[in-house]
Amino acid sequence: GLNSEVTSLLFKLLNNILPTDERLARILPTSTNLCKLCQDQVIGDSLHWFLECRASLEVGEWLLTLVKKHVPSVTKENIIKLDFVSTNNKDLDDSLVWIIANTLFLIWSKRSIGKNVDLVITRETIGRNLTLLRETRLNMLHQQINLVLS
């Protein structure tokens, strides 16, 4: 259900090797660890980049709210690490991981080129990606994700 670009992003995210401002500052001594898109003095780590920065906040809040409907105890940190308590429903767990992974990928694809992330465009893109699943052997996953999104 997840394409290679999304799984690559997740691998880098989970291993803390994405080139965020914070990581680049550790590697390149002339770089600052502060977010380049925020006026505040905020460290541009993964949590900030994906869920807290003004450039991605609206989508981050939408994602957190959506996941909380099914896993009320989830935190932003849990979402970034894909570390949330199982719902004891494999289809629901798979659907949440698919939604989180694809949303994080869309956020990254905009943030990595210095652009703001738009909620309407993100939701439309998630919908198009979901439609592709319907045409594959993953039709059941498509149906479950539709339930989660509605």
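Structural notes, computed from the coordinates. (Residues numbered from 1 in each chain as written. Predicted model: local features only at pLDDT ≥ 70, side-chain atom pairs only at ≥ 80, totals over all residues. Heavy atoms only, no water.)

Quick notes on the packing of helix α1 (residues 4-14) against helix α6 (residues 90-111)
Piece 1. Packing of α1 against α6 brings their axes to within 9 Å, and their N-to-C directions diverge by 85°. Considering the angle they form, α1 stands roughly perpendicular to α6. Residues Glu5, Val6, Leu9, Leu10 and Leu13 of α1 lie in contact with α6, whose contacting residues are Ala101, Asn102, Leu104, Phe105 and Trp108.
Piece 2. In terms of residue class, the contact of α1 with α6 is made up of eight nonpolar, one polar and one charged. (Axes fitted to C-alpha atoms, helices over the stretch in contact; angles between N-to-C directions. Helix = DSSP H or I, 4+ residues; strand = E, 2+ residues; numbered from the N terminus. Parallel < 35°, antiparallel > 145°, perpendicular 65-115°, else oblique. Contact = heavy atoms within 4.5 Å. Nonpolar A, V, L, I, M, F, W, Y, C, P; charged D, E, K, R; others polar.)

Focus on unusual backbone geometry
Piece 1. Even without glycine at this site, Asn16 takes up a positive phi of about 55°.
Piece 2. Not every positive phi belongs to a glycine, and Leu82 is a case in point at roughly 50°.
Piece 3. One can find Leu82 in the loop between α5 (76-81) and α6.
Piece 4. Judged by relative accessible area, Leu82 falls into the partly exposed class, the value being 23%. (Buried < 20%, exposed > 50% of the residue type's maximum accessible area, 1.4 Å probe, protein only.)

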